[in-house]
Amino acid sequence: MAGITYDEAAHLLRRMGFGGSPQEIEALVARGREGAVDFLINYAQVDNRAMDDLIARSFDFSDPNDFTKFNRFELERWWFTRMVHTRRPFEEKMTLFWHNHFATAASKVFDIFMYVQNRKLRDHSLDRFDTLLKVVSEDSAMLIWLDGIQNVKGSPNENFARELQELFTMGIIDVVTGEANYTEDDVKEIARAFTGGKVRFARGSTDPYAFEFFVNPEQHDFTAKTVYGVTANYSADDIITVVSARRSTARYLVKKLFDFFVYPITSSSSDKQTVEKFANVYVSSNHSIKELVRAIFVSDEFYSDRARFALVKQPVEFIVGAIRMLGAVYNPGTYEPRNQSNVLAALSIFLGQELFNPPDVAGWNLNLGWINTATLLNRFTYADLLVISRTRDLSAPGLWLSHEQLRRHTKANPKKTVKKFLSVLGPLKVDAKMVRALSDYLRTDDAGNIGTFTPDDLTVDKKVRGLVHLIMCLSEFQLN
Amino acid sequence: MPTTRRQFIKRSAGAVTVGLVLPGTLLREARAQQAQANTNRKFVVIQLAGGNDGLNTVVPYTDSRYHSLRPQLAFNEAELKDSEGRSTVISNDFGLHPALGKIKQLYDQGRVAIVLGVGYQDSTLSHFLSMDIWHTADTSGLASKGWLGRYADIALLGQTGLPAVALGGLEKPKSFNAGMVVVPNILNFEIYNFLADPAYPNDYANQVNAFNFGASRVFDNASLLSTINNAAFESVRGAQHVQRNVNNYRSSIVYPRENPLAVGLQMVAQLIVTIPEAHLLYVQLGGFDHHADQVDHPNGQPNKLAGQHNLLLRWFSDAVDLFYKDMAEHGLADDVILMEWSEFGRRPQENASFGTDHGSSSQMFIIGNPIRGGLYGRQPSLAATELDLAGNPKFNVDFREVYATILDGWLGADSKAVLGAQYQNVGFL
């Protein structure tokens with residue numbers, strides 16, 4: 001069984017989750033590579049009652065029609081609370097992957113349907129891909145988002161049929177061969193197979209979030225369709241089976257997973273080989289998402305130099321990651337007093353990522369798509385907000401970075417203090433000159449003169465908080 | 001003037017002075033360059049994202065095919081009247097959507113060029129690919145640099161201050177992707193700032209110095225770290241420039257806050273008025289992807305004067321009008337042109353959802369005092385035999401002809417150097 005170094009385990013936890021404390025990373029090291037991956041993937045076995053209790057205390061979604069308690073901002077607060085407090089980080093990360101993959105947005109879809117979709121993505125995130133695709137195609141949010149409910153016999157709406165192929169399964173061109181995966185006629189024909197799909201409130205259910213999918217036979221086109229050159233009387237389910245089984249879909253999914261979790265796939269021949277290797281896992285495991293991601297996270301590709309810090313942190317990774325790595329405190333409070341507890345969701349919007357509201361059906365632009373002068377300044381502003389969040393009451397709603405927690409990582413000597421925080425926040429690889437500049441910062445007084453470093457309370461409150469701000473502003477910290 | 005970044009950082013003691021430094025990798029190239037752009041000429045791009053329905057924007061009201069393809073959505077001549085009852089007809093063949101009353105008035109004053117039938121060969125029906133094609137002026141959509149980014153690399157390298165900015169958004173438009181110049185984008189001026197701990201204001205200079213040390217480091221060209229670090233440096237440098245200047249803006253024009261394009265164009269005006277080198281400005285209005293409910297339809301009856309498309313076009317028209325008046329108030333109306341684009345038009349045949357699916361060629365608007373107003377290009381035929389397999393019209397003007405006309409005729413650039421080929425002049429400049 002392959003071992004896993006501290007840096008590798010930190011890398012794994014940042015990618016499969018949001019990073020963690022030195023203790024959490026050490027615990028993964030003790031499990032070895034496969035053990036660590038299995039621990040994170042088999043999250044259903046991890047006791048998460050503490051988070052469940054916190055969620056139950058902090059939110060009241062019992063009545064989706066009560067706007068004060070159930071609305072988009074509450075949903076965003078809910079998901080951030082989960083990401084900060086869960087002991088099953090991969091559950092949240094994989095749900096986020098599918099939210100980005102099947103990007104559906106509250107800009108067009110009612111909050112209640114966004115919440116229902118999130119629960120479905122969560123429940124099926126490691127299922128067979130065919131199953132997940134069927135769930136999504138029958139999902140109320142998706143039927144509204146891509147106009148499926150308006151897709152009727154005689155005048156098909158192509159929106160879903162197009163994105164099903166372009167974004168959800170195979171892409172316009174094959175990742176490996178570069179050949180066109182489908183024609184405009186395929187779009188039209190597949191649209192016909194999905195005609196008549198509707199949703200309604202599940203009759204007799206006491207769950208206010210229960211909706212059921214059905215096909216209105218009056219509006220469904222039962223005539224034969226020709227898809228990828230084969231003519232048959234395809235139903236929507238038949239189409240899902242056909243597209244899920246295409247080699248192009250296997251390749252495209254591997255590329256999407258690599259782009260999100262490992263490194264961006266290029267068109268080089270070695271990357272094509274990598275895609276084929278993992279596409280084979282998808283095929284041999286009967287389209288199991290769980291087997292595919294497991295194969296990726298235990299692979300040498302995942303631990304290669306190329307993969308290390310090869311991605312740009314998504315805003316939620318930046319926000320939640322800093323909290324989890326530093327051991328900061330986030331108390332969600334309740335819906336009632338409009339206090340600091342909404343701060344994470346509110347800031348994330350300014351960093352370019354509003355959960356439940358991606359910009360369009362292609363999802364967020366990852367990596368350098370996150371970076372521009374406006375979003376960078378807003379990242380720096382979040383860092384500032386985190387380090388100035390002082391409190392005497394760590395149980396108050398909001399985001400807090402306690403003096404005691406900073407004191408814990410502060411060393412007697414400025415260079416060691418810098419190195420400790422660079423390790424906690426990464427570990428980040430930063431050259432000696434930068435370490436020197438940060439250590440000089442710790443020793444510089446208000447007049448700009450470099451003096452001595454005395455780790456007393458004032459220095460921790462002023463300079464160590466300032467140091468954390470500066471490290472979070474480093475370009476190295478923007479990477480994942 | 002300090003000659004190295006280290007000296008600069010020491011001397012500035014926390015106050016970042018605009019224009020003295022460039023991100024490390026650019027320093028050497030920049031010294032050899034003298035910016036060539038005439039920054040007195042302002043160019044504003046308005047992107048209508050989602051695929052604007054060109055046929056219901058500049059309406060071919062006499063075309064019987066238009067009416068037969070759009071039984072629910074087509075406007076007839078009698079309906080082409082703005083909110084005050086004035087006709088929006090601009091020729092024997094075309095009229096503007098009733099929501100474009102303000103644009104119609106500018107048109108009548110000879111300040112609006114409308115280029116008909118703009119597109120490109122084998123138009124894609126994908127939003128994302130088509131946007132990339134327009135942004136990069138490369139019909140493969142694979143080029144990494146935007147057309148304005150390439151212009152900026154040629155004409156703006158070495159230009160101090162804020163010569164190019166995208167406004168009102170958290171995403172930088174790909175048109176501005178450049179090889180050497182970092183083009184900033186600003187969501188709003190208030191939060192465009194580098195903040196530190198307010199409990200220790202006297203430590204701010206130390207914070208900025210340490211930040212600048214980090215942001216001035218040189219990383220491998222084209223690495224993620226290099227790109228991020230250059231943007232980080234530029235963000236703080238530009239933020240200080242913005243904070244010092246934009247609050248000097250005064251205007252009698254009131255831009256309604258509920259109109260997002262008006263909010264964006266007010267920021268453009270604010271920059272143009274207070275920052276003399278502001279030269280390329282970019283704003284967006286989204287929401288044009290009207291597969292369904294393009295018009296309201298109470299009880300199944302279409303009401304073409306209400307609904308999403310009407311609202312968005314009214315926002316466009318009103319915002320442009322206010323911006324034009326603002327520029328005139330500041331004596332800048334002769335210095336500014338606007339160019340509107342959208343990634344494609346919509347399908348001539350309406351769908352059953354009171355909407356339209358993805359189309360191909362469409363028109364573009366170019367607006368301003370320096371523009372020779374009127375109709376340019378040629379409307380493609382809607383005859384069944386002239387439509388492609390998806391049912392979309394051909395194009396008559398390559399969109400790069402419009403870019404070339406602006407590059408050569410307004411920006412004073414060599415369009416061939418920017419676009420990689422020679423394109424015909426459309427004639428509106």
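Source: prediction; values computed, not measured.

The rules behind these values
- Residues numbered from 1 in each chain as written.
- Chains lettered and ligands numbered in written order.
- Predicted model: local features only at pLDDT ≥ 70, side-chain atom pairs only at ≥ 80, totals over all residues.
- Helix = DSSP H or I, 4+ residues; strand = E, 2+ residues; numbered from the N terminus.
- Rg over C-alpha atoms; globule rule 2.2 N^0.38 Å.
- Buried ≥ 20, exposed ≤ 12 C-beta atoms within 10 Å, placed from the backbone.
- Pairing = 2+ DSSP bridges.
- Contact = placed C-beta atoms within 7 Å.
- Expected span 1.5 Å × (residues − 1).
- Axes fitted to C-alpha atoms, helices over the stretch in contact; angles between N-to-C directions.
- Parallel < 35°, antiparallel > 145°, perpendicular 65-115°, else oblique.
- Nonpolar A, V, L, I, M, F, W, Y, C, P; charged D, E, K, R; others polar.

**Examining the overall build of chain A**
Assigned secondary structure in chain A consists of 22 helices and six strands. In terms of C-alpha radius of gyration, chain A reaches 24 Å, essentially the compact-globule figure of 23 Å for 480 residues. By residue count, 51% of the 480 residues in chain A fall in the buried class.

**With respect to the pairing of strand β5 (residues 164-167) of chain B**
Across a regular strand the side chains alternate sides, sitting on one face of the sheet and then on the other. All names here are of chain B. Alternating residues of β5 divide into A164 and A166 and V165 and L167, and every residue in both groups is buried. Bridge count for β5 against strand β7 (residues 280-285) is three bridges, and the pairing is parallel. Opposite A164, over in β7, you have L280 as the bridge partner. As paired elements, β5 and strand β6 (residues 185-186) share two bridges and run parallel to each other. Bridge pairing in β6 places L167 opposite I186.

**Observations regarding the environment of I90 of chain B**
Residues and elements named next belong to chain B. Structurally, I90 can be placed in the loop between α3 (64-69) and β3 (95-96). Note on I90: 22 C-beta atoms within 10 Å, which makes it buried. On a C-alpha basis, the gap between I90 and L375 in space is 9.1 Å, while along the polypeptide they are 285 residues apart. Setting aside residues no more than four positions away along its own chain, I90 makes contact with G95, L96, K104 and Y107.

**Some details on helix α21 (residues 432-443) of chain A**
End to end, α21 of chain A covers 17 Å across 12 residues, agreeing with the expected 16 Å (1.5 Å per residue, within 8%). Considered for burial, the residues of α21 of chain A that qualify are M434, A437, L438, S439, Y441 and L442 of chain A. Residues of α21 of chain A that are buried in the fold lie against α20 (414-424) and α22 (457-473) of chain A together with α7 (204-215) of chain B.

**Describing the packing of helix α18 (residues 373-387) of chain A against helix α8 (residues 224-245) of chain B**
A pair of packed helices can be characterised by two numbers: the angle between their axes and the separation between those axes. Relative to each other, α18 of chain A and α8 of chain B sit at 85°, their axes nearing to 9 Å. Taken together, the axis directions place α18 of chain A and α8 of chain B in an arrangement best described as roughly perpendicular. Listed contacts from α8 of chain B to T373, L376 and L377 of chain A of α18 of chain A are A231, A232, E234, S235, G238 and A239 of chain B. Within the contact of α18 of chain A with α8 of chain B, the residues separate by chemical class into five nonpolar, three polar and one charged.

**Regarding unusual backbone geometry**
Here the residue pair G426 of chain A and P427 of chain A is connected by a cis peptide bond, since its omega of 0° sits within 30 degrees of zero. With respect to the helices, strands and loops of the structure, P427 of chain A is situated in the loop between α20 and α21. Backbone geometry places F309 of chain A, a non-glycine residue, at a positive phi of 55°. Judged by the 21 C-beta atoms lying within 10 Å of it, F309 of chain A falls in the buried class. Located in the positive-phi region is F354 of chain B, a residue other than glycine, with phi close to 55°. With respect to the secondary-structure elements, F354 of chain B resides in the loop between β8 (336-341) and β9 (362-367).

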